[in-house]
Amino acid sequence: MSIATAPHARALPLPIGLRIAGRYLRAIKFLLPFIILIAIWWAVKLARNFPEQVLVSPARVWDTLVVLSEHGVLAEYISTSLSIIGYATVTSLVIGVPIGFVVGFNRYAARSLEAFLRFLQGVSGIAWLPLVIIWCGFTHTTTLIVVIYTLIVPIIFNTMVGVRAVPENYALALRSLGAGRLRLITNVYLPGALPSIVVGLRLGMGYGWRALIAAEMLVRQGGLGDLIFGARTSGQIDRIIVGMILIGTLYVIVDRLLIQPIENLTVARWGVLRK
Amino acid sequence: MSAAITTDKIVVSGFRHFFNTADGPVQATGIIDLKIRSGEFVTLVGPSGCGKTTLLKALAGFLRPSEGTIYCDNKIVRGPGRERGVVFQELAILPWRNVRRNIGHGLEIARVPKAEREKSVQRLIELTGLTGFEDRYPHELSGGMRQRVAVARTWAADPDVILMDEPFAAVDAMTRLTLQEELARLCAATHKTVFFITHSVDEAVFLGDRVLVMTRRPGTIKAEIEIPRRKLGGRDWETFTTDSEMQGIAEQVLRLVRAERGVESTEEKRESSAGIVS
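In what follows, the accompanying structure is described. (Residues numbered from 1 in each chain as written. Chains lettered and ligands numbered in written order. Predicted model: local features only at pLDDT ≥ 70, side-chain atom pairs only at ≥ 80, totals over all residues.)

1. Comments concerning the packing of helix α9 (residues 181-219) of chain A against helix α10 (residues 224-233) of chain A
Residue and element names in this part refer to chain A.
Move 1: One can describe the packing of α9 onto α10 by two numbers: an axis separation of 7 Å at closest approach and a directional angle of 50 degrees. The angle between α9 and α10 falls in the class oblique. At the point where α9 passes α10, the crossing takes the right-handed sense. On α10, the residues that touch Leu212, Ile213, Ala214, Ala215, Glu216 and Met217 of α9 are Leu224, Gly225, Asp226 and Phe229. (Axes fitted to C-alpha atoms, helices over the stretch in contact; angles between N-to-C directions. Helix = DSSP H or I, 4+ residues; strand = E, 2+ residues; numbered from the N terminus. Parallel < 35°, antiparallel > 145°, perpendicular 65-115°, else oblique. Left-handed = near helix turned anticlockwise from the far one by under 90°. Contact = placed C-beta atoms within 7 Å.)

2. Structural notes on the packing of helix α4 (residues 114-127) of chain B against helix α5 (residues 143-156) of chain B
Residues and elements named next belong to chain B.
Move 1: At a closest axis distance of 10 Å, the pairing of α4 and α5 adopts a crossing angle of 140 degrees. In this view, α4 runs oblique relative to α5, as classed from their interaxial angle. Taken as a pair, α4 and α5 cross one another with a handedness that is right-handed. Taking contact as the criterion, the partners of Ser120, Val121, Leu124 and Ile125 in α4 are, on α5, Ala152, Trp155 and Ala156.
Move 2: Of the residues assigned to the contact of α4 with α5, the class counts are six nonpolar, one polar and no charged. (Nonpolar A, V, L, I, M, F, W, Y, C, P; charged D, E, K, R; others polar.)

3. A look at the nonpolar core
The tendency in soluble globular proteins is for nonpolar side chains to be buried as a group.
Move 1: The biggest cluster of nonpolar side chains holds 129 residues, and the ones touching the most others in it are Val147(A), Leu59(B), Ala152(B), Leu163(B), Val205(B) and Val253(B).
Move 2: By residue number, the principal contributor to this core is α9(A), which donates 16 residues.
Move 3: Setting aside residues no more than four positions away along its own chain, Val253(B) makes contact with Val45(B), Val201(B), Ala204(B), Val205(B), Val211(B), Val213(B) and Ile225(B). (Core = buried A, V, L, I, M, F, W, Y, C linked by C-beta atoms within 7 Å. Buried ≥ 20, exposed ≤ 12 C-beta atoms within 10 Å, placed from the backbone.)

4. Details of the sheet that holds strand β6 (residues 67-72) of chain B
Residues and elements named next belong to chain B.
Move 1: Overall, antiparallel pairing links the four strands, which are arranged β4-β1-β6-β7 in an open sheet. On the outer flanks of this sheet lie β4 (32-36) and β7 (75-76), each paired with one strand and no other.
Move 2: Two elements, β6 and β7, share two bridges in a ladder whose sense is antiparallel. Each residue of the ladder has a partner; that of Cys72, found in β7, is Lys75. (Pairing = 2+ DSSP bridges.)

Okay, here's the thing in structure tokens:
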């Protein structure tokens, strides 16, 4: 009997005080590196007494952040960046996943395209900017093309890898259950490749976000890259740092709140794919 | 060979297969002729690399024979079909479907209405001892349980012919005995024609109505042994191991297989280094 009651004893809730303390500890662990960085920044600013044109204090950055968001300036820049990355992501998935499937199914295409895709990964989106600016001018189209290019290569590559990693027996077994080609794709290859596609999406979003900021800095048609590059010409250090903080924060939010849940949903639920 | 109309479920006529490798074609099997009656349980034993799996893949329609023809119900086999189910050794049930949805997959493909589908699935869950595991995912199951799901999925689709490629080889020894007994019971409860590949002599004699022995590569069928199944009362290992007639047959089959294995050790190494898997 005592053995039977043991799990209940373990499941007993902790005292309320301890639980709240635990939650704070977890938040502090996550925030600690940021706090240290800000402390060092502030200390450097105070110790060396840098003029405002070189380095501003965290307090000044905070004030600027509040002022800019109150005037709706930040929302404008943020929405430009987010809508381009969002549009690029959807387009890359819609075009990239089918291409990855076609390449993944064809052993010869896969082998010959592997080197080519790696080559494209090497010629980063930024390296295409001069050409695209000549062709499309300083427009959102230019930014979009560069971001899609950056995003789509890892999506194609990882879709291809995912399709090829699906064990042959899954498909053979289903074919002997009477499955046709479409059924094999929707019931075997798509779910089988999904974890790999999500990895590709996650990588692509990381590269794409960086390419977006760089492209915005050159194209100067709005977006967070435009915000920080524009602030440089007028020497507004506070604006530059506000922009940088937003770039990092938005990326963390997109990655944690959008992509990681998808990854958990697919990988964690199905367990280890093989065996 | 002519395609005479027969009452046999499966007819293999003049089958021979070659694989293309970098060093030219390699003969996977010798010429094989084979007939399987409806409702018969045929087991095939032979040394590894003799071409057992090649023959099964041809029966399943996964590969086109280099020579010869395979008939199922007097129709030439040209590809996989719903009337011929396959159970693999491992890695065949889908990790993203739970037990119930894996077992019902064949019926789902055949567009069987949901209520009817669930009835058949429920029946097979009971027959294969999977009750209580319906909502589990494959990674939450043991190897033996996963093979039960694979067997149940094939049976649920209700094919006439079931092809099994060493389905219990990757399962631990104790579980294997149970699964073999359960398969014998399942076959007694359903009228299926089964073609079962194994490299275990005991398994072949225990399960088969007829045991075929293959030579080493390129494999041909060198012997056929009818198993007098009716004399065997219960289909369990205790009865089997104490039945002197069954033990005599098992010894006879073992001698036939061992005769192929004696010369195989060096041969096998050479062939496996060529990178060909049967």
